[in-house]
Amino acid sequence: MHDLRLLRERPGELREALRRRGMLDTTGPEVDRAEALERQRRTCIHAAEEKRAEANALTQEVRRHKQAQLDATGLIERGRVLGAELDRLEEERAATEAAFTALALEFPNITLPDVPAGGETANVVIRSWGTPRPADGLRPHWDIAGPDGLGILDLARGAKVAGSGFVAFRGLGARLVRSLMTLMIDLHTREHGYEEVWIPFVVNRASMTGTAQFPKFEEEQYGIAGDDLFLIPTAEVPVTNLYRDEILDAAALPRGFVTYSPCFRREAGAHGKDTRGLLRLHQFDKVELVRYCAPDESPAQLELMTGHAEAVLQRLGLPYRVVLLAAGDTGFAAAKTYDLEVWAPGVGRWLEVSSCSTCTDFQARRANIRFRPGGAAKPAFAHTLNGSAIAFPRLIAALIEHYQEPGGGVRVPDALRPAMGADRLG
RNA sequence: GGACGGGUGGCCGAGUGGUUGAAGGCACCGGUCUCGAAAACCGGCAUACCGGUGAACCCGGUAUCGUGAGUUCGAAUCUCACCCCGUCCGCCA
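Okay, so let's go over this structure. (Residues numbered from 1 in each chain as written. Chains lettered and ligands numbered in written order. Predicted model: local features only at pLDDT ≥ 70, side-chain atom pairs only at ≥ 80, totals over all residues. Heavy atoms only, no water.)

Where helix α3 (residues 24-67) meets helix α4 (residues 73-104), the axes come as close as 8 Å, and the angle between the chain directions of the two elements is 155 degrees. Regarding the angle of α3 to α4, the classification is roughly antiparallel. Here α3 runs over α4; the crossing is left-handed. Residue classes in the contact of α3 with α4 are distributed as 17 nonpolar, 4 polar and 15 charged. (Axes fitted to C-alpha atoms, helices over the stretch in contact; angles between N-to-C directions. Helix = DSSP H or I, 4+ residues; strand = E, 2+ residues; numbered from the N terminus. Parallel < 35°, antiparallel > 145°, perpendicular 65-115°, else oblique. Left-handed = near helix turned anticlockwise from the far one by under 90°. Nonpolar A, V, L, I, M, F, W, Y, C, P; charged D, E, K, R; others polar.)

Pasting the structure below:
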């Protein structure tokens, strides 16, 4: 959601933003429609308010007549007529407003100036860490961890109980998941200053709209039959909506929250892509960071938070690179995003394990998350940021592939040994 | 899931159809008093949107008493649905 004034006063800016995302052809005409609707909306408001003022004055007139014990039937009759006209005007206003709002919710956030225009091919590798292990002779993680290997990953039975894209970890595999959760949350709370939260794994429609999954991406979400509730696609949704319709204490900003959650995604339209092993799942686990800050702080906060996510990979000794996403590859609500990609030598690919974004005031407007800047000033929209730190399945894939040994075993990285109580998987 | 009770401004809390955007109190801000403070007293104290020159001040208007719809010339007040909170019952981890 954008400032209405942006659309009214600087529609060119919105068009330019859409061009950089490569969406101008498809979404550009919608801007024209929105502009027209916004003008019509104000005309309607004006007409309806004038009529209502007239009706209100009449009502007072009726009251005075009644008080003075005068006959008011004529006035009441006029009021009836006025009321009918008002109903018609209100109806028109509501319809126009609904059409406008529906449209306004479909425009993506405006990317920051340092985000390159264009699609995926315009992404930029900003930096990298560690030395990627050569892929020669290394096996993919499903091979190592599957039933013919360590037996810690059971894809077949996951598919049996839920369907393709749902997995079961077992034994040390399950313990690895639990250990990763502990490692990451401890790191972010103890060393990066995040407050740990535990949140609902289902959310209502208002929350989904607040963080901009709705209305545009409703078909991507799992709904709960019989209730207007949805499985979360990321903890970003419940954690960011924690402060929906609230005014944050400015003295407490910037502030960060860390949480674990499972994430549920229908991945509609992604069938057949990256379907092997742990590369793309309908349910996966993730530790998520969410930060709230004042507008002038958000660029630095993004760098800071990205560093926090990187720290996990460094702790685990896994080579990775940081990619600045081009506008077309940047998520709907985000203004700037860094992806963290970890090297998985078994599949010979860089795997996206984190996405760290600033959403500027885009989500804050939708979710009405504000703070009071300076002492007495009026509340202003906060900026929200979120980043995975880190998503588990691809991390586990990379970890297994990176630490695999010739005999088919997998070494447990030092940082995980206390929680795992083991130095090898299998 | 069932029964009953309740949702009013930053907080507490009046208010069952008409000068109620809403009494009173607390908190907060300004002032008088005081060497200073407290107390006391006086005054102020919601937000959003539309328009008056797209600044400020100000002025006019509209909306907002959980949400939405309805009745009415007129709704915080009456009706219906929904949401949330409390208490009891049922059920369960």
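Okay, the sheet that holds strand β13 (residues 369-371) next. By way of backbone hydrogen bonds, the strands of a sheet pair with one another, either parallel or antiparallel. Strand order in the open sheet made by the 3 strands is β7-β13-β14, with mixed pairing throughout. Strands at the two margins of the open sheet, each flanked by one partner only, are β7 (246-248) and β14 (380-381). The sheet contact formed by β7 and β13 spans 3 bridges and is parallel. Following the sheet pairing, Leu 248 is matched in β13 by Phe 371. (Pairing = 2+ DSSP bridges.)

Where charged atoms from two side chains of opposite charge approach closely, those side chains can pair. One pass over the full model with this rule turns up 31 salt bridges. Across the pair Glu 35 and Arg 15 runs a salt bridge whose closest N-O atoms are separated by 2.8 Å. One end of the pair, Glu 35, is in helix α3; the other, Arg 15, is in helix α2 (residues 11-20), with 20 residues separating them in the sequence. Judged by relative accessible area, Glu 35 falls into the buried class, the value being 18%. With relative accessibility at 25%, the residue Arg 15 sits in the partly exposed group. Among the ionic pairs, Arg 41 bridges to Glu 97, the shortest N-O distance being 3.6 Å. Taken together, the positions of Arg 41 in helix α3 and Glu 97 in helix α4 put the pair 56 residues apart, joining distant regions of the chain. Under the relative-accessibility criterion, Arg 41 is labelled buried at 14%. (Salt bridge = Lys/Arg side-chain N within 4 Å of Asp/Glu carboxyl O. Buried < 20%, exposed > 50% of the residue type's maximum accessible area, 1.4 Å probe, protein only.)

Turning next to the protein's contact with RNA strand B. Near RNA strand B lie 15 residues; those nearest to it are Arg 8, Arg 52, Asn 56, Arg 63 and Arg 80. A share of 70% is what sugar and phosphate atoms reach among the atoms of RNA strand B within 4 Å of the protein. In the environment of RNA strand B, a sugar or linking oxygen lies 3.4 Å from a nitrogen or oxygen atom belonging to the side chain of His 46. Measuring from a base nitrogen of RNA strand B, one finds a side-chain N or O atom of Glu 49 at 3.1 Å. Contributions of two or more residues to the surface near RNA strand B are made by α3 and α4. Looking at which element gives the most residues to the surface near RNA strand B, the answer is α3, with 10 residues. (Near = heavy atom within 4 Å. Polar contact = N/O pair within 3.5 Å; in protein donor to acceptor, adjacent residues only side chain to side chain.)

Turning to unusual backbone geometry, a few remarks are in order. Residue Phe 214 is joined to Pro 215 through a cis peptide bond whose omega torsion reads 0 degrees. Along the polypeptide, Pro 215 turns up in the loop between α8 (205-210) and β6 (229-231). Cis geometry is found at the peptide bond from Ala 389 to Ile 390, where omega equals 10 degrees. Summarising the element assignment, Ile 390 is placed in strand β15 (residues 383-391). Positive phi is not limited to glycine here, since Gln 69 has a value of about 60 degrees. Residue position: Gln 69 is located in the loop between α3 and α4. Backbone geometry places Ala 212, a non-glycine residue, at a positive phi of 80 degrees. Relative to the helices and strands, Ala 212 resides in the loop between α8 and β6.

Turning our eyes to something else, we now look at the packing of helix α7 (residues 172-190) against helix α12 (residues 392-402). In a pair of packed helices, the angle between the axes and the distance between the axes together describe the arrangement. Where α7 meets α12, the closest approach of the two axes is 11 Å, and the angle between their N-to-C directions is 110 degrees. With respect to α12, the element α7 is oriented roughly perpendicular. Along the contact surface, α7 presents Leu 176, Val 177, Leu 180, Met 181 and Met 184, while α12 presents Phe 392, Leu 395 and Ile 396. Partitioned by chemical class, the residues of the contact of α7 with α12 number 8 nonpolar, no polar and no charged. (Contact = heavy atoms within 4.5 Å.)

Moving on: α7. Structural remark: α-helix, 3.6 residues per turn; residues separated by three or four positions point the same way. For α7, spanning 19 residues, the distance from its first C-alpha to its last is 26 Å, which sits close to the expected 27 Å at 1.5 Å a residue. Within the span of α7, buried status applies to Gly 173, Leu 176, Val 177, Ser 179, Leu 180, Leu 183, Met 184, Ile 185, Leu 187 and His 188. (Expected span 1.5 Å × (residues − 1).)

Turning next to the sheet that holds strand β8 (residues 255-264). Within the open sheet, the 8 strands sit side by side as β1-β10-β11-β12-β15-β9-β8-β4. Their pairing is mixed. Edge positions in the sheet fall to β1 (124-129) and β4 (195-196), since each has one partner strand and no second. In the sheet, β4 pairs with β8 via 2 bridges, with the strands oriented parallel. Along β8, the bridge assignment pairs Glu 196 with Val 258. Helix-sheet contacts for α7 involve β4, β8, β9 (283-293) and β15, and the interaxial angle to β9 is about 10 degrees.

Okay, the nonpolar core next. Across soluble globular proteins, you tend to see nonpolar side chains buried next to one another. Counting 58 residues, the largest nonpolar core has Leu 180, Ile 390, Leu 395 and Leu 416 as its most contacted members. Once you skip the residues sitting within four places of it in the chain, Leu 180 turns out to touch Leu 316, Phe 392, Leu 395, Ile 396 and Leu 416. Val 239, Tyr 243, Ile 369 and Ala 382 belong to the second largest nonpolar core, which has 22 residues in total. (Core = buried A, V, L, I, M, F, W, Y, C linked by side-chain atoms within 4.5 Å.)

Judged from the 9 bridges that link them, strand β11 (residues 336-344) and strand β12 (residues 349-358) form a sheet pairing that is antiparallel. Each bridged residue has a counterpart across the sheet, and for Asp 339 the counterpart in β12 is Ser 355. The antiparallel pairing of β11 with β12 creates a hairpin that spans 4 residues between the two strands, and Gly 348 there sits at a positive phi of about 65 degrees. When β12 meets β15, the two strands line up antiparallel, connected through 3 bridges. Bridging from a neighbouring strand, Cys 356 pairs with Gly 387 of β15.

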